[in-house]
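# Residue-level structural notes
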Amino acid sequence: MADNDGLFLKKEMDKMMKSHTKIIKRVTSRTKVQLAKLVPVCPTILKDIVTLSDAYGNFLKCCMLPPQKVTAVLLNTACSGLGCDVSAIIRTLCTCNGNEFEEISTEFLPMRKPYNIENREGSNLSEVILKLLKKNEQIHDVFSKIFAGLENENTTPVDATDISAKVFPMLKRKNEDDFAAVCDLLCPNSRSDNTAIAAAYKSQFNEDISVGLQAKFKGAVGYALSLWCSSIPDAVAKMLSTYGATKKPSIEFVYGILGKYDKGMVTEINAAYTVLNPKASLTNLSKTVFKGKLREAVAGWIDNPSPDTNSEHVLSQYLSNDSCTKQEHLQHLMKSEESCLKVRALVESVARNLTFGAREKWVPIPLTGTFEAPPEAAEAEMAADVAAGEKYEEYAW
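The present account deals with the structure reproduced in this document.

This brings us to the overall build of the chain. Secondary structure summary: the chain contains 24 helices and 2 strands in total. Counting across all 397 residues of the chain, residues that qualify as buried make up 46%. Of all intrachain contacts in the chain linking residues separated by at least 6 positions in sequence, the fraction that spans at least 24 positions is 66%. Counting every atom, the chain has about 20300 Å² of accessible surface; 54% of that belongs to carbon and sulfur.

By size, the foremost hydrophobic cluster in this structure holds 96 residues, and its most contacted members are F59, F143 and L240. When sequence neighbours within four positions are dropped, the list of residues in contact with F59 reads Y255, L258, G259, L294, A297, V298 and W301.

To continue, consider the packing of aromatic side chains. For any pair of aromatic rings, geometry is given as the distance between the ring centres together with the angle between the planes. The final tally for this structure, using the stated rule, is 8 aromatic pairs. Residues Y255 and F290 carry aromatic rings whose centres are separated by 6.5 Å and whose planes lie at 50 degrees to one another, so their mutual orientation is tilted. A residue pair is termed long-range when its members are at least 10 positions apart, and Y255 in helix α17 (residues 251–260) and F290 in the loop between α19 (282–289) and α20 (292–303) qualify at 35 residues. Following the ring pairs from residue to residue traces out a cluster consisting of F59, Y255 and F290.

A word on the pattern of salt bridges. If charged atoms from side chains of opposite charge come close, those side chains can pair. The final tally for this structure, using the stated rule, is 7 salt bridges. Two residues, K166 and D162, come together in a salt bridge whose shortest N-O distance is 3.2 Å. Placement of the pair is K166 and D162 together in helix α11 (residues 160–172), with a separation of 4 residues, close to one helical turn. A salt bridge links R173 to D178, with the nearest nitrogen and oxygen atoms 2.9 Å apart. We classify D178 as buried; its relative accessible area is 7%. Each of R173, D178 and K216 takes part in one network of salt bridges that share partners.

Looking now at the packing of α11 against helix α13 (residues 191–205). Contact geometry for α11 and α13: axes closest at 8 Å, N-to-C directions at 65 degrees. In terms of their interaxial angle, α11 and α13 are classed as roughly perpendicular. Here α11 runs over α13; the crossing is right-handed. Of α13, the residues touching α11 (which contributes A160, T161, I163, S164, A165, V167, F168 and L171) are A196, I197, A200, Y201, Q204 and F205. Classifying every residue of the contact of α11 with α13 by side-chain character gives 11 nonpolar, 3 polar and no charged.

Quick look at the state of the cysteines now. In a disulfide, the sulfur atoms of two cysteines are covalently bonded to one another. Counted by the stated rule, this structure contains 0 disulfides. The structure places no disulfide on C94, whose sulfur is separated from the nearest cysteine sulfur, that of C187, by 8.5 Å. Left without a disulfide partner, C187 is nearest to the cysteine sulfur of C183, which lies 4.0 Å away.

Moving on, we get to α20. Here α20 is 12 residues long and its end C-alpha atoms lie 17 Å apart, about the 16 Å a rise of 1.5 Å per residue gives. Those residues of α20 lying buried are L294, A297, V298, A299, G300, W301 and I302.

Structurally, D178 is set in the loop between α11 and α12 (179–186). Discounting residues that sit within four places of it in the chain, D178 has contacts with M170, R173, K216 and F217.

Residues of helix α14 (residues 209–216) that are buried include every one of I209, S210, G212, L213 and K216, and no others. Projected down its long axis, α14 carries its buried residues within an arc of 160 degrees, all on one side. As for α14, its buried residues are in contact with α11, α12, α13, α15 (219–228) and α16 (232–241). Where α14 begins, the side chain of D208 points an oxygen toward the backbone nitrogen of S210, at a separation of 2.9 Å.

Here the focus is unusual backbone geometry. At N206, a residue that is not glycine, the phi angle is positive and equals roughly 55 degrees. The topology assignment puts N206 in the loop between α13 and α14. For N206, a relative accessible area of 61% puts it in the exposed group.

As a further point, take the environment of D162. Using a relative accessible area of 33% as the deciding quantity, one classes D162 as partly exposed. Separated by 35 residues in sequence, D162 and I197 place their C-alpha atoms 8.7 Å apart.

It is worth spelling out the environment of N277 at this point. By secondary structure assignment, the location of N277 is in the loop between α18 (263–276) and α19. Overall, the relative accessible area of 22% leaves N277 in the partly exposed class. Separated by 39 residues in sequence, N277 and K238 place their C-alpha atoms 9.8 Å apart.

About the thresholds
In this numbering scheme, every chain counts its residues from 1 along its sequence in written order. Where totals are concerned, whole chains, interfaces and linings use all residues; where local detail is concerned, this predicted model gives features only for residues with pLDDT of at least 70, and gives and counts side-chain atom pairs only at 80 or more. Excluded from the side-chain calculations are hydrogens and water; all other atoms, namely the structure's heavy atoms, are used. Secondary structure elements are defined from DSSP: runs of H or I of at least 4 residues count as helices, runs of E of at least 2 residues count as strands, and each element is numbered from the N terminus. For every residue, the accessible area (1.4 Å probe, protein chains only) is compared with the maximum for its type, and the residue is labelled buried under 20%, exposed over 50%, or partly exposed between those bounds. We call two residues contacting when some pair of their heavy atoms lies within 4.5 Å. Surface accessibility follows the Shrake-Rupley procedure with a 1.4 Å probe radius. Residue values consider only the protein chains on display as shielding. Residues grouped as a nonpolar core are buried Ala, Val, Leu, Ile, Met, Phe, Trp, Tyr and Cys residues, joined through side-chain atoms within 4.5 Å. Only the six-membered ring of Trp is used, alongside the rings of Phe and Tyr, when aromatic pairs are assigned; centres must lie within 6.5 Å, and planes under 30 degrees apart are stacked while those over 60 apart are edge-to-face, with the rest tilted. By definition, a salt bridge exists where a carboxyl oxygen of Asp or Glu is found within 4 Å of a side-chain nitrogen of Lys or Arg. Orientation is described by axes fitted as lines to C-alpha atoms, over the contacting stretch for helices, and by angles from 0 to 180 degrees between their N-to-C directions. An angle below 35 degrees is read as roughly parallel, one above 145 as roughly antiparallel, one from 65 to 115 as roughly perpendicular, and any other as oblique. Note on convention: near helix rotated counterclockwise from far helix by under a right angle means a left-handed crossing. Clockwise means right-handed. Any residue that is not Ala, Val, Leu, Ile, Met, Phe, Trp, Tyr, Cys, Pro, Asp, Glu, Lys or Arg is counted as polar, Gly included; the first ten are nonpolar and the last four charged. Cysteine sulfur atoms are paired as a disulfide whenever they come within 2.5 Å of each other. To estimate how far a helix should reach, multiply one less than its number of residues by 1.5 Å. Each direction from the helix axis to a C-beta atom contributes to the arc, which is the arc of those directions. Within 3.5 Å is the distance limit for a polar contact, defined as a pair of N or O atoms, with the added protein rule that one can donate a hydrogen and the other accept it, and that residues adjacent in sequence qualify only through two side-chain atoms.

Next up, the structure:
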């Protein structure tokens with residue numbers, strides 16, 4: 001599949017009159033795993049795709065990059081310039097899992113070299129972020145406790161019911177400063193723990209802990225705590241739901257955060273967004289936020305189906321069945337290709353590696369899904385070779 005996609009994209013991008021819609025449809029109909037296989041096949045694809053358009057080309061590049069790389073780019077943008085964009089830092093880090101931070105740090109630190117001369121900003125992600133946030137005391141404290149608690153990721157779960165019971169009265173007190181106590185209870189936890197706490201809070205008190213946090217702590221602090229106590233789909237949906245707010249995310253940030261996640265996660269984010277906005281969806285949001293081919297690309301990433309990523313394993317198991325020959329299996333599969341485009345693509349990929357000795361037994365015709373048997377002359381030549389003593393393995397896979 002990656003070979004076919006690579007040939008198609010190279011051919012299309014080399015044209016004077018490019019079919020941008022075809023390029024968009026091909027890329028946005030693949031998962032991140034499938035696109036990752038495309039990069040080694042076309043080493044210049046990440047560079048070439050951006051030349052199509054600054055807007056939709058950059059979005060398609062986000063779709064091809066690993067999530068941690070996209071996060072590092074978004075975070076570096078938030079930290080660059082005069083001062084830093086605190087809201088963007090919150091949106092970026094509070095929609096990640098704690099166990100991602102080490103990989104994000106690996107991608108992020110090289111981007112900071114022009115600013116981080118002799119490690120003046122710090123030698124790791126937490127040091128850089130905390131130094132940039134030092135002027136904002138409460139947000140600094142929130143992230144300080146989040147970073148300090150990262151080792152809790154994937155360890156023994158906390159007592160969600162007990163913590164939610166302790167947090168509830170604090171969020172209801174209007175005249176007391178419970179910031180430090182609430183942060184101590186929530187910030188050091190992993191996201192999975194905080195999601196469990198939010199569920200226990202809802203079960204016990206029939207209220208959303210995110211609403212309580214934002215009512216108790218105004219502005220950036222309540223926003224950060226609310227996102228950190230939500231699942232990834234809910235956190236991203238909440239962040240995208242603020243697009244109409246005063247400090248709304250930039251267009252680049254919105255398409256970056258959508259391109260960061262694989263299509264399965266985008267589907268979950270879309271479901272969470274629809275719960276928050278019953279009359280809307282991410283597709284509706286993309287029509288509001290984006291224009292032209294960028295709108296088409298984002299909508300494609302949200303809506304276009306992708307080939308089943310488990311099919312290759314299923315096909316390999318099917319072909320390894322000894323009840324009949326691999327050739328018969330292929331012939332059987334080809335009968336169903338008209339009604340199953342996934343099988344067609346997989347058979348093309350498998351048959352490309354199918355050989356009979358030094359010659360191809362089946363010759364794939366790219367992009368058609370049909371196969372030709374070798375001509376009779378080739379069969380006769382092969383038979384003569386065998387008669388002369390040349391040995392052929394039955395099939396080499």
